[in-house]
Every structure is written in structure tokens, then in C-alpha cells.
Amino acid sequence: LTGKIPFKQIYLHAMVRDAHGRKMSKSLGNVVDPLHVIEGISLEGLHETLVGGNLDPKEVEKAKKGQKQDFPSGIPQCGTDALRFGLA
């Protein structure tokens, strides 16, 4: 956007946290599939990914509420450049 690299150094760590400070985990249903960032996905599509997983039904409802709060309109299509920018 500005033509400049946003950070001179970045540190990658195995522990990734979500916007609410919780550990990102498939078992919590708070992970974002990189393909969803590239191709985009609706909120309903995000909810469907939870149903296909191994979450407890109570956790599915909790995760759906989190998705609705974080991505009320789903995830817009950003293309592969969005992921490259995140690791530039």
C-alpha cells in the first residue's frame, strides 16, 4: 500500500494467539485457514467448517459466536499477496 516494508524484523513463534489472546487451536475452532484468506469465505461457510470438525457441540456454538464477532461478513478474498505481506 505504501511501497515500504512495514517491519524490518519479524519473529515467528510456534505459539499463535487470536485477537482475544487465546491460543489458536483447531480444537478451539479459532484458526483461520490460509485458503480462506486467499479465496475468501462467507460467515456461513466459516460456520460449516466448524460443523465438519471434531468440536463438542457446546464448543461449536462458542466458536460460531467468536467467528460472528471477528468476521461478521466472512473473510473477503485477499489473494496470495495478503499472505506474502504478512511474512514480508
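Note that the structure is predicted; figures quoted are calculated from it, not measured.

**Considerations on the pattern of salt bridges**
Per the stated rule, a full pass over the model turns up two salt bridges. As a salt-bridge pair, R22 and D18 come within 2.8 Å of each other at their nearest N and O atoms. A residue is classified by how much of its surface remains accessible, and R22, at 34% relative accessible area, is partly exposed. Looking at D18, the relative accessible area reads 13%, which means it is buried. The partner of E61 in a salt bridge is K64, and the shortest N-O contact between them spans 3.9 Å. Here the residue E61 and the residue K64 both occupy positions in helix α3 (residues 57-70), the gap between them amounting to three residues, near one helical turn.

**Comments concerning the packing of helix α2 (residues 43-51) against α3**
A pair of packed helices is captured by two measures, namely the crossing angle of their axes and the spacing between those axes. Where α2 meets α3, the axes come as close as 10 Å, and the angle between the chain directions of the two elements is 155 degrees. Classed by the angle they form, the pair α2 and α3 counts as roughly antiparallel. As α2 packs across α3, the resulting crossing turns out to be right-handed. Together, L43, L46, H47, T49, L50 and V51 of α2 and V60, A63, K64, Q67 and K68 of α3 make up the contact between the two elements. Of the residues assigned to the contact of α2 with α3, the class counts are six nonpolar, three polar and two charged.

**Focus: the confidence of the model for the protein**
In the predicted model, the protein carries a mean pLDDT of 85, and 94% of its residues have values of at least 70. Looking across the protein, the model is least confident in helix α4 (residues 80-86), with a mean pLDDT of 73, and most confident in α2, with 92.

**Some remarks on α2**
Think of an α-helix as turning once every 3.6 residues; residues three or four places apart then point the same way. When we look at burial in α2, the residues that qualify are L43, G45, L46, H47 and L50. Lining the buried residues of α2 we find α1 (34-39) and α3.

**A few points about α3**
The end-to-end C-alpha distance of α3 is 20 Å, a good match for the 20 Å that 14 residues give at a rise of 1.5 Å each. All of the buried residues in α3 are V60, A63, G66 and Q67. The arc that holds every buried residue of α3, seen down its axis, measures 125 degrees, which confines them to one face. Every exposed residue of α3 that faces more than 90 degrees away from the buried side is listed here: P57, K58, K62, K65, K68 and Q69.

Calculation rules
All chains use their own residue numbering, which begins from 1 and follows the written sequence. Given that this is a predicted model, residues contribute local features only at a pLDDT of at least 70 and side-chain atom pairs are listed and counted only at 80 or more, while totals for whole chains, interfaces and linings are drawn from all residues. Neither water nor hydrogens contribute to the side-chain values; these are computed over all heavy atoms in the structure. Salt bridges, as used here, are contacts in which a Lys or Arg side-chain nitrogen is within 4 Å of a carboxyl oxygen on Asp or Glu. Burial classes: relative accessible area under 20% of the type maximum marks a residue as buried, over 50% as exposed, and values in between as partly exposed (1.4 Å probe, protein chains only). Helix and strand definitions here come from DSSP, where helices need a minimum of 4 consecutive H or I residues and strands a minimum of 2 consecutive E residues; each element is numbered from the N-terminal end. Axis geometry follows a simple rule: fit a line to the C-alpha atoms, using only the stretch in contact for helices, then measure angles between N-to-C directions, giving values from 0 to 180 degrees. Should an angle lie under 35 degrees it is considered roughly parallel, over 145 roughly antiparallel, and from 65 to 115 roughly perpendicular; all remaining angles are considered oblique. Whether a crossing is left-handed or right-handed is set by the direction in which the near helix is turned from the far one by less than a right angle, anticlockwise for left-handed and clockwise for right-handed. Note on contacts: a residue pair is in contact if any heavy atoms of the two residues lie within 4.5 Å. Put simply, Ala, Val, Leu, Ile, Met, Phe, Trp, Tyr, Cys and Pro go in the nonpolar bin, Asp, Glu, Lys and Arg in the charged bin, and everything else, Gly too, in the polar bin. The predictor attaches a confidence to each residue, called pLDDT, with possible values from 0 through 100. Multiplying 1.5 Å by the helix residue count minus one yields the expected span of that helix. The arc in question is traced by the directions running from the helix axis to the C-beta atoms.

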